Amino acid sequence: MLSSEEYEKLLPHREEIFRWKETGNYNGSGMITIDQLRQSKGCRPLCYSCDGNKREALNDAYLLIIEFEKEKTK
């Protein structure tokens, strides 16, 4: 689960992450932030040259945002 501070870091990239989920295209602007958040949660560093690694990171960010927002609406 994201903290409010972590969510605020992802918030500027939320729209692009959700667009990626729909279209499969991502401009990469938030990858460093996503990578830092994932590493703080125990994930291995992101391999920026591996498309599969980037998709996994984006999916993680998407799910973390969804989880945080669901918790906040309860």
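Criteria and cut-off values
- Residues numbered from 1 in each chain as written.
- Predicted model: local features only at pLDDT ≥ 70, side-chain atom pairs only at ≥ 80, totals over all residues.
- Heavy atoms only, no water.
- Axes fitted to C-alpha atoms, helices over the stretch in contact; angles between N-to-C directions.
- Helix = DSSP H or I, 4+ residues; strand = E, 2+ residues; numbered from the N terminus.
- Left-handed = near helix turned anticlockwise from the far one by under 90°.
- Contact = heavy atoms within 4.5 Å.
- Nonpolar A, V, L, I, M, F, W, Y, C, P; charged D, E, K, R; others polar.
- Salt bridge = Lys/Arg side-chain N within 4 Å of Asp/Glu carboxyl O.
- Buried < 20%, exposed > 50% of the residue type's maximum accessible area, 1.4 Å probe, protein only.

Asker: When you look at the packing of helix 2 (residues 14–23) against helix 4 (residues 51–73) in this model, what are you seeing that I'm missing?
Answerer: In helix packing, the relevant descriptors are the interaxial angle and the interaxial distance, both defined with respect to the helix axes. Packing of helix 2 against helix 4 brings their axes to within 10 Å, and their N-to-C directions diverge by 115 degrees. When the axes of helix 2 and helix 4 are compared, the crossing they make is left-handed. Contacts from Arg14, Ile17, Phe18, Trp20 and Lys21 of helix 2 reach helix 4 at Arg55, Leu58, Asn59, Ala61, Tyr62, Ile65, Ile66 and Glu69. By residue class, the composition of the contact of helix 2 with helix 4 is eight nonpolar, one polar and four charged.

Asker: Help me understand the pattern of salt bridges in this model?
Answerer: Between side chains of opposite charge, pairing is possible as soon as their charged atoms come close. One pass over the full model with this rule turns up eight salt bridges. One salt bridge connects Arg14 with Glu69, and the closest N-O pair in it is separated by 2.7 Å. In this pair, Arg14 is assigned in helix 2 and Glu69 in helix 4, connecting sequence segments 55 residues apart. Its relative accessible area of 25% is what places Arg14 among the partly exposed residues. Taking the shortest distance from any N to any O, the salt bridge between Arg38 and Asp60 comes out at 2.8 Å. Of the two residues, Arg38 sits in helix 3 (residues 31–40) while Asp60 sits in helix 4, which places them 22 residues apart along the sequence. Among the residues examined, Arg38 registers a relative accessible area of 5% and is labelled buried. Residue classification places Asp60 among the partly exposed residues on the basis of a relative accessible area of 23%.

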